[in-house]
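Observations on the model geometry
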Amino acid sequence: QAQLVESGGGLVQPGGSLRLSCASTGRIFSTHVMGWYRQAPGKQRELVATITMTGSTNYADSVKGRFTISRDNAKNTVYLQMNSLKPEDTAVYYCNRIYSVPWSWGQGTQVTVSS
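Residues numbered from 1 in each chain as written. Predicted model: local features only at pLDDT ≥ 70, side-chain atom pairs only at ≥ 80, totals over all residues. Heavy atoms only, no water.

**Topic: the pairing of strand S10 (residues 109-113)**
Our working definition: We call a residue buried when its accessible area falls under 20% of the maximum for its residue type, exposed when it is over 50%, and partly exposed in between, using a 1.4 Å probe and counting protein chains only. Only DSSP runs of H or I covering at least 4 residues are called helices, and only runs of E covering at least 2 are called strands; the numbering of each starts at the N terminus. In this analysis, strands are considered paired if DSSP registers two or more bridges between them.
Of the two faces of S10, only one is covered, namely that formed by Thr109, Val111 and Val113; the face formed by Gln110 and Thr112 stays uncovered. Alignment of strand S2 (residues 10-12) against S10, held across three bridges, turns out to be parallel. Note on S10: the bridge partner recorded for Gly10 is Val111.

**Topic: the environment of Val78**
What counts is decided by this rule: In this description, contact between two residues means that some pair of their heavy atoms is separated by no more than 4.5 Å.
Tracing the backbone shows Val78 in strand S8 (residues 77-82). Separated by 42 residues in the primary sequence, Val78 and Trp36 place their C-alpha atoms 8.7 Å from one another. Val78 has contacts with Leu20, Ser21, Cys22, Phe29, Met34, Trp36, Ile69, Ser70 and Arg71, leaving out every residue within four places of it along the chain.

**Considering the state of the cysteines**
In plain terms, the rule: Only a pair of cysteine sulfur atoms within 2.5 Å qualifies as a disulfide here.
This model, assessed by the stated rule, comprises one disulfide. With a sulfur-sulfur separation of 1.7 Å, Cys22 is cross-linked through a disulfide to Cys95. Of this pair, Cys22 sits in strand S3 (residues 18-25) while Cys95 sits in strand S9 (residues 91-98); the two residues are 73 residues apart in sequence, bridging distant segments of the chain. Like Cys22, the residue Cys95 is buried in the burial classification.

**Topic: the nonpolar core**
Under the convention used in this document: We call a set of buried Ala, Val, Leu, Ile, Met, Phe, Trp, Tyr and Cys residues a nonpolar core when their side-chain atoms join them within 4.5 Å.
Judged by nonpolar contacts, the single largest core of 27 residues is most densely connected at Trp36, Ile69, Leu80, Met82 and Tyr93. Other than its neighbours up to four places away in sequence, Leu80 contacts Leu18, Arg19, Leu20, Trp36, Ala49, Phe67, Thr68, Ile69 and Tyr93. Ranked by size, the runner-up nonpolar core spans five residues in total, among them Val33, Val92, Tyr94 and Ile98.

Have a look at this one:
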């Protein structure tokens, strides 16, 4: 069964960095606009970054200048480089396609920013 698999999360101190990865068994990313979402406890899932098939990117204001989304179509993987992390970035992070019915969601990867 096709799955989205997010990885790379963890516990980091404020100001630290993490690099998240999203890969898939059975889903081809190269023909889709892809995005990273996050969901904090008690809050709705929000879209934080998107990347088109040709590499154009867009970011939520809350992460602009700190997060960078990228993709490697040969590896069928999407990345999210997160720098200058803040406690308010704490959430479960997910990837999925944009502008189409979402694929089944993966389990996400937990990011916790705390001292």
